[in-house]
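What follows is the residue order along each chain.
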Amino acid sequence: MYQIITDRDLHLMTVQWRRPFAHAEVAGYAQDFMRRFLSAGFGSGYRLLLDIAPCGAQPQDALAELLKHMAQIPKASRIAVVVVIPVARQQIRRVMTQPYMRIFDDVPGARAWIVH
């Protein structure tokens, strides 16, 4: 359903969502994300590469739950989101308004931006 990879040297979390979340799955994902975040020693200023290209837009109830849980994560310095489906891009632009967030068409482009 998802994959989380941490890179301590780059202070980077790379997350890929493979399909939309069901509302009931969000809490488990958020706990896993936070556990990996803390075990990597990350704090404010980390970088996040979120690849949601394989799954598209999230259901509204799951999205609301995701936003509630993710609000507890310390602030990133950069967020790169890979999203190709137009409705998912609109959803990301609506809910992720951070000035340090950028949308990309592919992982290589996102990774190049986030590590520089």
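Residues numbered from 1 in each chain as written. Predicted model: local features only at pLDDT ≥ 70, side-chain atom pairs only at ≥ 80, totals over all residues. Heavy atoms only, no water.

## Description of helix 3 (residues 86-95)
Buried within helix 3 are the following residues: Ala 88, Arg 89, Gln 91 and Ile 92. Down the axis of helix 3, the sector holding all buried residues measures 160 degrees, keeping them to one side. In helix 3, the exposed positions angled more than 90 degrees off the buried face are occupied by Pro 86 and Gln 90. Elements in contact with the buried residues of helix 3: helix 2 (60-70), strand 4 (78-82) and strand 5 (101-104). (Buried < 20%, exposed > 50% of the residue type's maximum accessible area, 1.4 Å probe, protein only. Helix = DSSP H or I, 4+ residues; strand = E, 2+ residues; numbered from the N terminus. Arc of directions from axis to C-beta. Contact = heavy atoms within 4.5 Å.)

## Topic: the pairing of strand 5
Along any regular strand, the residues point their side chains to alternate faces of the sheet. Examined bridge by bridge, strand 4 and strand 5 share four bridges and lie parallel to one another. Residue pairing across strands places Val 82 opposite Phe 104, the latter belonging to strand 5. (Pairing = 2+ DSSP bridges.)

## Regarding a nonpolar patch on the surface
A contiguous nonpolar patch, built from Val 84, Ile 85 and Val 87 and spanning about 230 Å² of accessible area, is present on the exposed surface. Checked against the element boundaries, Val 87 lands in helix 3. Owing to a relative accessible area of 47%, Val 87 belongs among the partly exposed residues under this scheme. (Patch = residues over 30% accessible without salt bridge, like charges linked within 9 Å, V, L, I, M, F, W, Y side chains within 5 Å. Areas by Shrake-Rupley, 256 points an atom, 1.4 Å probe, with all protein chains shown as cover. Salt bridge = Lys/Arg side-chain N within 4 Å of Asp/Glu carboxyl O.)

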